[in-house]
Amino acid sequence: MKYFYKNIPHWKNDELIKSLDTFKKIYESRPIKNNIGGMQFPHMFATYFILKKINPSFVIESGVFRGQSTWLIEKTLPDSKILSIDIDLTNREYISKKAEYSNLDFKYHDFSNIPHDTLVFFDDHVSHYERLMQAKFFNIKNIILEDNYSESKGDFYSIKHSYQGFGFNHNYKFISLIKTLYLFFNEIIKKIFFKNYNISKDKIISRLKDHKINKNDFNNIEKNIDIYYEFPPIFFHSENSTKPMFENKNFEFEITKEELLNYNHITYIKLK
Ligand SMILES: C[S@@+](CC[C@H](N)C(=O)[O-])C[C@H]1O[C@@H](n2cnc3c(N)ncnc32)[C@H](O)[C@@H]1O
């Protein structure tokens, strides 16, 4: 399957193009001009558009990095509460006065009392399969998956990998495997010598991104999905993507064509 969709929202292409014009001006005021390793214009626009449409009163962001996405959420929804999570908050260049920051993984938070319309934005490169299960557990229905990599691309298991019949096989560098081995032994040695030591499993497991092909994954995902919508690229991207917003590339803007073509199938999901 090249791309999957289910109950896609009635968001017309004309409306997208009109919003794109408004968004261009907002984007000019972004705090980080060259957000290498973070979101670029097409996904920034998609996130802006989806957030405006869903208008959640509480947004959880997982994966902050320099802070461009925090800025976007704050700018798009000035009245919403924001929780911004990153296990490493040291890279922030834009620090919001409004968002609450945390370096505790999403799955360890207390979400026992959150608004029904909460939205979670995942840009943390953690397995989508795991993240959807956790969102389901917390009864968070609105989800944006920032990087929904296709086929053998990416650095973690995505929803697209699952329905395209791929697992995920991470191409580790030798030095990275040695580091994982070191961390593993380090934890075990501590456990041998200090009986009350709590092994930090996440330190090790989060480095292991392989996911064996399992054709059951997507059946279980689909069963829990009400809406599944891969937001369109601005221009044609690949056979694996939905119809682009523009047929040709005559779109004048200050940013480079290269950035305009940057796209990884950003996806909006509503769980049942
Ligand atoms: C691609 S960057 C996020 C980019 C950011 N959203 C932007 O567009 O500006 C991924 C971030 O996820 C963080 N990360 C890795 N594992 C994480 C986890 N388990 N929970 C939250 N953040 C995590 C990394 O530290 C990194 O800062």
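Position labels on residues start from 1 in each chain and follow its written sequence. Per-residue local features of the predicted model are confined to residues with pLDDT of at least 70, and side-chain atom pairs are confined, for both listing and counting, to 80 or more; whole-chain, interface and lining totals are unaffected and use all residues. Only hydrogens and water are removed before side-chain values are computed, so all heavy atoms of the structure are retained for them.

A. Broad picture of unusual backbone geometry. Unusually for a residue other than glycine, asparagine 7 sits at a positive phi of about 45°. Secondary structure elements are defined from DSSP: runs of H or I of at least 4 residues count as helices, runs of E of at least 2 residues count as strands, and each element is numbered from the N terminus. Note on placement: asparagine 7 falls in the segment before helix H1 (13–28). Positive phi, normally seen in glycine, also occurs at asparagine 55, with a value near 50°.

B. Layout of the domain arrangement of the chain. For the domain bounds, the source is a domain assignment made automatically or taken from a database. Taken domain by domain, the chain holds domain 1 (13–170 + 209–271) and domain 2 (171–208). Inter-centroid distance (C-alpha atoms) of domain 1 to domain 2 is 30 Å. Should any heavy atoms of two residues lie within 4.5 Å, those residues are considered in contact. Contact residues are listed per partner, giving 6 residues for domain 1 and 6 residues for domain 2. Once two parts are joined, some of their accessible surface, as seen by a 1.4 Å probe, is lost; buried area is that loss totalled over both. If you sort the residues of domain 1 by the area they bury against domain 2, Tyr108, His170 and Lys209 come out on top, with a joint share of 80%. Any carboxyl oxygen of Asp or Glu that lies within 4 Å of a side-chain nitrogen of Lys or Arg is treated as forming a salt bridge with it. Linking domain 1 with domain 2 are 1 salt bridge, by the criterion used here. Here lysine 107 and aspartate 202 are joined by a salt bridge, their closest N and O atoms 3.6 Å apart. We call two N or O atoms a polar contact when they sit within 3.5 Å, provided that within protein one can donate a hydrogen and the other can accept it, with sequence-adjacent residues counted only if both atoms are side-chain atoms. Counting across the interface, domain 1 meets domain 2 through 3 residue pairs in polar contact (both at pLDDT 80 or more).

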